[in-house]
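# Chains, contacts and geometry: an overview
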Amino acid sequence: MTDSLASEAKSLFTSIRVVLAVSGVIALIAGIVLLVWPAKSAVIVTGIFATYLVIAGLVYIGLGIFSRVKGGWARVGHIVLGLVYIVAGVIAFANLGVAAATLALVVVIFIGISWIVDGVVALSLLGKDGSRVWTLLYALLSIIAGIVVLFSPLYAAAVLWLVLGISLVALGIVQIVRAITLGKDAKEFVASAKADSAL
């Protein structure tokens, strides 16, 4: 292996290490923030979502006004959709705390309904699946979990936020460890490649 190829491999490993380390640190910090300040972080996430709504609304209005390819109704539809997005974003910004609670409630209700639907679909495939016991167990657990979430959405939202925070902390630590161990792997790879090329 030539020196230029070895330096390219070392550069690639360094880039990967930096990406892993940065993403790990961001995940770790985000997880700690979620666990230490759950209400404030929910408000921040809602603020980001509200900003997205306003920006998306402006884009849709721009598409409706400046598009020469689309017909009249499509342009009107884009403008109306853009206005709806902007109004929703402004309402969310007006009271971020209430918007955060509402957003969490909507997400949790959506998760509950999707689990119930997933369980029903699994039940409908029961005769066609090779592992009937596992499919039945999955379907029943999915339906029960969905019903539990729908009957206690606020508790489910709090638990979901807690699990998300713990998961981010764990994933962040794992990414940082991967970045550190990848440095050792890179040195070993470059050294063995140089030894192979010397032979």
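Computed from a predicted structure; not experimentally measured. (Residues numbered from 1 in each chain as written. Predicted model: local features only at pLDDT ≥ 70, side-chain atom pairs only at ≥ 80, totals over all residues. Heavy atoms only, no water.)

## Remarks on the packing of helix α4 (residues 96-124) against helix α5 (residues 132-151)
- At a minimum axis separation of 7 Å, α4 and α5 run at an interaxial angle of 155 degrees. Looking at the two axes, α4 sits roughly antiparallel to α5. Classified by chirality, the crossing of α5 by α4 is left-handed. Across from Val108, Ile109, Gly112, Ile113, Trp115, Ile116, Asp118, Gly119, Val120, Ala122 and Leu123 in α4, the residues of α5 making contact are Thr135, Leu136, Tyr138, Ala139, Ser142, Ile143, Ala145, Gly146, Ile147, Val149 and Leu150.
- Within the contact of α4 with α5, the residues separate by chemical class into 16 nonpolar, 5 polar and 1 charged. (Axes fitted to C-alpha atoms, helices over the stretch in contact; angles between N-to-C directions. Helix = DSSP H or I, 4+ residues; strand = E, 2+ residues; numbered from the N terminus. Parallel < 35°, antiparallel > 145°, perpendicular 65-115°, else oblique. Left-handed = near helix turned anticlockwise from the far one by under 90°. Contact = heavy atoms within 4.5 Å. Nonpolar A, V, L, I, M, F, W, Y, C, P; charged D, E, K, R; others polar.)

## Quick notes on the environment of Ile111
- Position of Ile111 relative to the elements: it lies in helix α4.
- Taking the relative accessible area as the measure of exposure, Ile111 reaches 22% and is therefore partly exposed.
- Placed 34 residues apart in sequence, Ile111 and Ala145 show a C-alpha to C-alpha distance of 9.7 Å. (Buried < 20%, exposed > 50% of the residue type's maximum accessible area, 1.4 Å probe, protein only.)

## Structural notes on a nonpolar patch on the surface
- The grouping of Ile32, Leu35, Val36, Trp37, Leu162 and Ile166 at the surface amounts to a nonpolar patch, some 560 Å² of accessible area in total.
- Elements with a contribution of two residues or more to the nonpolar patch: α1 (3-36) and α6 (153-198).
- Ranked by residues supplied to the nonpolar patch, first place goes to α1 with 3 residues.
- Inspection of the secondary structure puts Ile166 in helix α6. (Patch = residues over 30% accessible without salt bridge, like charges linked within 9 Å, V, L, I, M, F, W, Y side chains within 5 Å. Areas by Shrake-Rupley, 256 points an atom, 1.4 Å probe, with all protein chains shown as cover. Salt bridge = Lys/Arg side-chain N within 4 Å of Asp/Glu carboxyl O.)

## Quick notes on the packing of aromatic side chains
- Following the criterion strictly, the structure yields 2 aromatic pairs and no others.
- Aromatic side chains Tyr60 and Tyr85 sit 5.6 Å apart centroid to centroid with 90 degrees between the ring planes, which places their arrangement in the edge-to-face category. Taken together, the residues span a long stretch of sequence, with Tyr60 in helix α2 (residues 38-66) and Tyr85 in helix α3 (residues 72-94) at a distance of 25 residues. (Phe/Tyr/Trp six-rings, centres within 6.5 Å; stacked < 30°, edge-to-face > 60°.)

## Focus on the side chain of Gln175
- For Gln175, the location among the structural elements is in helix α6.
- Residue class for Gln175 comes out buried when judged on its relative accessible area of 18%.
- Beyond its immediate sequence surroundings of up to four residues, Gln175 is in contact with Leu20, Ser23 and Gly24.

## Comments concerning the confidence of the model for the protein chain
- For the protein chain, the average pLDDT comes to 83, and 87% of its residues sit at 70 or higher.
- Ranking the elements of the protein chain by mean pLDDT puts α6 last with 79 and α3 first with 90. (pLDDT = per-residue confidence, 0-100.)

## Looking at the packing of α2 against α3
- Contact pair α2 / α3: the axes reach a minimum separation of 7 Å and the direction vectors enclose 160 degrees. Regarding the angle of α2 to α3, the classification is roughly antiparallel. Every pair of crossing elements has a handedness; the one defined by α2 and α3 is left-handed.
- When grouped by side-chain class, the residues that make up the contact of α2 with α3 number 18 nonpolar, 7 polar and 1 charged.

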